[in-house]
Amino acid sequence: MNINTIKAVYFIGAGGIGMSALVRYFLSKGKKVGGYDRTPSELTEKLIEEGALIHYEENVALIPEEFLHPKTTLVVFTPAIPATHKELVYFQEHHFEIHKRAQVLGMLTQTEKGLCVAGTHGKTTTSTMAAFLLDHSHVGCNAFLGGISKNYHTNLLLSDKSEYVVIEADEFDRSFHWLTPYATVITATDSDHLDIYGTHEAYLESFRKYTSLIRPDGYLIMKEGLELKPDVQPGVTVYTYSVDKGDFHAENIRIHEGEIYFDYISPLGNIADIQLGVPVYVNIENGIAAMALAQIGGATPEEIKAAMPQFRGVDRRFDFKIKNSHIVFLSDYAHHPEEIRQSVTSIRRLYPDRKITAVFQPHLYTRTRDFYQDFARSLSLLDEVILLDIYPAREAPIPGVTSQLIYDNLRPGIEKSMCTKEELLDVLKHKKLDVLITLGAGDIDNFVPQIYELLKDR
């Protein structure tokens, strides 16, 4: 693929969070950009405003003329698109150059220094924080993020001066095997995507292979205590990190009146009195990993210390909507049992004496089938749970797999209920709420504005 000879780029699944960053990238390069997505969203409407030609019906006749020339059109698709998709089949039959999103990102890591963040969870916040730190330093960076940065209101950062590109390295469908990282963080290797991998051993093997792709002059920054046995090339520097131990860690953690401060300990230079911009406990660890990447990229201690308190987070990641003495309401993307455990634990540390209620929308039938007992254990750390139906995303229903599996395994004595999305607002209207969090990666976020309106004057 030669970017210079390509005149048009067509995206199948244009509205996905990772795909949309590439849509914006190619628009910035002056290419004609278009594509298909299944449903309109706030993000697809913004892409259309920015110049992309997007439609919502799977129909070859709707592909604009400028994307019908095989020699000058690149087609990019997401693995969530079925192989039978009519537009994808058309491009295959007519011998267009077709790449997965990850392949295109991989090409960028061959020409720029890739600072990548991989792992079952924590990827989006850590990579967005690292990009923010570098952007607020003399180094700068390009970035393809897995969420919308609240500082920039986009998932794409571009720099004409920096050799670095920050990328969220996604393990779904082994996508991260297309990357050639200069430095990478691995945050976690808890099993996920078993519909793709089959076993935990195969999942770990995929991460082992990923570590072998790091450039020989590069860096691996691995969470302390992972099962993963890395397989790096000679010359790669391997570090560990965590909240309280490893090469990079925190000391002297102080949590006071909703703020978090700590001292950052690093082989590349310690930094005292770091203040977290998004003060939830799990962000101490995310921040340590992000600062490690920023230091490897060349950001100075002074630049990092000045930037950290200004970081506003990512949409749907500990996204506080209301925060007062009467009611706290936040939205979080957590959709894996360990993410939920970390989310609930972090909120409990902030509000140890308040009742915490969560609305949880399970994401995928396979993930619910494989982890329903783990979900129940994590959700049982709450005071109250309201369960919605499973969000299917790309999957067909599996007989016997419903939210009831989680409901039946919640701890005895917990307040619990189930309802449909359509019933949710009415259910919340009649509840006495103190701290409320919505959890899930599906369309639960569409209800957040309505919940905000319901709660803002309480």
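Remember, it's a predicted structure, so these values are computed and weren't measured experimentally.

1. Regarding unusual backbone geometry
Backbone geometry places histidine 95, a non-glycine residue, at a positive phi of 60°. Relative to the helices and strands, histidine 95 is located in the loop between helix H3 (86–93) and strand S5 (97–100). Residue classification places histidine 95 among the exposed residues on the basis of a relative accessible area of 68%.

2. Looking at helix H4 (residues 101–111)
With eight of 11 residues buried, H4 is to be regarded as a mostly interior element. When we look at burial in H4, the residues that qualify are Arg101, Ala102, Gln103, Val104, Leu105, Gly106, Leu108 and Thr109. The elements touched by buried residues of H4 are helix H1 (17–28), strand S4 (73–77), S5, strand S6 (113–118), strand S7 (142–144) and strand S9 (164–169).

3. Some details on the sheet that holds strand S1 (residues 8–12)
Strand order across the open sheet formed by five strands is S3-S2-S1-S4-S5, with parallel pairing between neighbours. The open sheet has two edge strands with one neighbour each: strand S3 (53–55) and S5. Mean inter-strand twist for the sheet, computed between neighbouring axes without regard to direction, equals 20°.

4. Side note on a negative patch on the surface
On the surface, a cluster of negative charge is made up of Asp389, Glu422, Glu423 and Asp426. Examined against the element boundaries, aspartate 426 turns out to sit in helix H13 (residues 421–429).

5. Concerning the environment of isoleucine 347
As for its placement among the helices and strands, isoleucine 347 is situated in helix H10 (residues 337–350). Considered as a pair, isoleucine 347 and leucine 382 are 35 residues apart in the sequence and their alpha carbons are 9.9 Å apart. Apart from the residues within four sequence positions on either side, isoleucine 347 is in contact with Phe318, Leu330, Ile356, Val435 and Ile437.

6. Comments concerning the pattern of salt bridges
A side chain of one charge can pair with a side chain of the opposite charge if their charged atoms are brought near each other. Under the defined criterion, the tally for this structure stands at 24 salt bridges. Among the salt bridges present, the one from arginine 254 reaches aspartate 263, with a minimum N-O distance of 3.4 Å. Given a relative accessible area of 28%, arginine 254 falls into the partly exposed group. Classification of aspartate 263 by relative accessible area gives buried; the value is 19%. Aspartate 383 is the partner of arginine 348 in a salt bridge, and the nearest nitrogen-oxygen pair spans 3.1 Å. Here arginine 348, found in helix H10, pairs with aspartate 383, found in the loop between helix H11 (365–379) and strand S19 (384–387); they are 35 residues apart in sequence, far enough to count as distant.

7. Focus on the UniProt feature "domain: Mur ligase N-terminal catalytic" (unreviewed entry) in the protein chain
On the UniProt side, "domain: Mur ligase N-terminal catalytic" (unreviewed entry) is annotated at positions that read residues 9–110 here. Between the C-alpha atoms that bound residues 9–110 there is a distance of 20 Å. The span itself is 37% helix and 21% strand.

8. So, the state of the cysteines
Evaluated as defined, the whole model comprises zero disulfides. Considering cysteine sulfurs only, cysteine 141 is the nearest to cysteine 116, which forms no disulfide, with 12 Å between them.

9. Here we look at the packing of H1 against H4
Any two packed helices are characterised by how steeply their axes cross, that is the angle between the axes, and by the distance between the axes. At a minimum axis distance of 10 Å, the contact between H1 and H4 shows a crossing angle of 55°. Considering the angle they form, H1 stands oblique to H4. Both H1 and H4 take part in a crossing whose hand is left-handed. Residues Gly18, Met19, Leu22, Tyr25 and Phe26 of H1 touch H4, and the partners they reach there are Arg101, Val104, Leu105 and Leu108. Per-class residue counts for the contact of H1 with H4 are seven nonpolar, one polar and one charged.

10. Overview of the packing of aromatic side chains
One pass over the structure, following the stated rule, counts 20 aromatic pairs. These aromatic residues form a ring-pair network of at least three members: Tyr164, Tyr182, Tyr219, Tyr239, Phe248 and Tyr264. Over the aromatic face of tyrosine 333 sits the side chain of arginine 317, whose NZ or CZ is 4.0 Å from the ring centroid. When the ring centre of tyrosine 407 is taken as origin, the NZ or CZ atom of lysine 416, which lies over that ring, is 4.3 Å away.

11. Some details on the pairing of strand S18 (residues 356–360)
Within S18, five of the five residues are buried, which leaves the element mostly enclosed by the surrounding structure. Residues Ile356, Ala358 and Phe360 point to one face of S18 and Thr357 and Val359 to the other, with burial holding for every one of them. Of the pairings in the sheet, the one linking S18 to S19 comprises four bridges and is parallel in character. Considered in S19, the bridge of threonine 357 is made with glutamate 384. Considered for its hand, the β-α-β crossover made up of S18, H11 and S19 is right-handed.

12. Description of the nonpolar core
Of all hydrophobic cores here, the largest spans 74 residues; its most connected members are Ile221, Phe262, Tyr264 and Leu379. In terms of residues, this core owes the most to one element, helix H8 (residues 282–297), which gives 10 residues. The residues contacting tyrosine 264, other than those within four sequence positions of it, are Phe248, His249, Gly269, Asn270, Ile271, Ile274, Ile288, Met291, Ala292 and Gln295. If you look at the next biggest cluster of nonpolar residues, it comprises 39 residues, including Leu105, Cys116, Met222 and Leu228.

13. Observations regarding the side chain of serine 343
By the element assignment, serine 343 lies in helix H10. Residue classification places serine 343 among the buried positions, given a relative accessible area of 1%. The residues contacting serine 343, other than those within four sequence positions of it, are Phe318, Asp332, Ala334, Ile437 and Leu439.

14. Focus: the UniProt feature "transmembrane region" (unreviewed entry) in the protein chain
As annotated in UniProt, the feature "transmembrane region" (unreviewed entry) corresponds to residues 6–27 in the numbering used here. Split by type, residues 6–27 is 50% helix and 23% strand. Its first and last C-alpha atoms lie 12 Å apart.

15. Description of H11
Here H11 contains 15 residues, and its C-alpha end-to-end distance of 18 Å is more than 12% below the 21 Å for a straight helix at 1.5 Å per residue. Maximal helix bending in H11 amounts to about 75°, located at phenylalanine 371. Looking at H11, one finds that the buried residues are Tyr365, Thr366, Arg367, Thr368, Phe371, Phe375, Ala376, Ser378 and Leu379.

Thresholds, definitions, all that
Once a new chain begins, its residue numbering starts again from 1 and follows that chain's sequence as written. With the structure being a predicted model, the display of local features is reserved for residues of pLDDT at least 70 and the display and counting of side-chain atom pairs for 80 or more, all residues being used for whole-chain, interface and lining totals. Hydrogens are left out, water is left out, and the side-chain values use all remaining heavy atoms of the structure. A helix here means a DSSP run of H or I that spans at least four residues, while a strand means a run of E at least two residues long, and both kinds are numbered starting from the N terminus. Note on exposure labels: buried denotes an accessible area under 20% of the residue type's maximum, exposed denotes more than 50%, and partly exposed covers the range between, all computed with a 1.4 Å probe on protein chains only. Working rule for contacts: check all heavy atoms of both residues, and any pair within 4.5 Å makes them a contact. DSSP bridges decide pairing: two strands pair if at least two such bridges lie between them. Under this scheme, a helix contributes an axis fitted over its contacting stretch, all axes are lines through C-alpha atoms, and angles between N-to-C directions fall in the 0 to 180 degree range. To count toward a patch, a residue needs a relative accessible area above 30% and no salt bridge. Like charges then connect within 9 Å, nonpolar side chains (Val, Leu, Ile, Met, Phe, Trp, Tyr) within 5 Å. Per-residue accessibility takes into account occlusion by the displayed protein chains alone, with areas from the Shrake-Rupley method and a 1.4 Å probe. Salt bridges are defined as contacts in which a side-chain nitrogen from Lys or Arg sits within 4 Å of a carboxyl oxygen from Asp or Glu. Under the counting rule used here, the positive set is Lys and Arg, the negative set is Asp and Glu, and His together with the chain ends is not counted. Where a charge lies is defined by one atom per residue type: Lys uses NZ, Arg uses CZ, Asp uses CG and Glu uses CD. UniProt positions are given in the numbering used here, feature names are shortened, and annotations may be inferred rather than shown by experiment. The rule for a disulfide is simple: a pair of cysteine sulfur atoms within 2.5 Å. Reported orientations rely on four angle classes, namely roughly parallel under 35 degrees, roughly antiparallel over 145, roughly perpendicular from 65 to 115, and oblique for the rest. Helix crossings are classified by the rotation of the near helix relative to the far one: an anticlockwise turn of less than a right angle makes the crossing left-handed, while a clockwise turn makes it right-handed. Each residue gets one of three labels, nonpolar for Ala, Val, Leu, Ile, Met, Phe, Trp, Tyr, Cys and Pro, charged for Asp, Glu, Lys and Arg, and polar for the others, Gly among them. Ring pairs are drawn from Phe, Tyr and Trp, using the six-membered ring of Trp, whenever the two centres fall within 6.5 Å, and their geometry is named by plane angle: stacked under 30 degrees, edge-to-face over 60, tilted for the rest. Cation placement over rings: the criterion is NZ of Lys or CZ of Arg within 6 Å of the ring centroid and within 35° of the ring normal. With the strands pointing away from the viewer, any crossover whose connection runs clockwise from the first strand over the helix to the second is right-handed. Each nonpolar core is a collection of buried residues, namely Ala, Val, Leu, Ile, Met, Phe, Trp, Tyr and Cys, held together in the definition by side-chain atoms within 4.5 Å. What a helix is expected to span follows from its residue count: subtract one and scale by 1.5 Å. The angle separating two fitted axes, one through the seven residues that finish at a residue and one through the seven that start at it, defines the bend at that residue.

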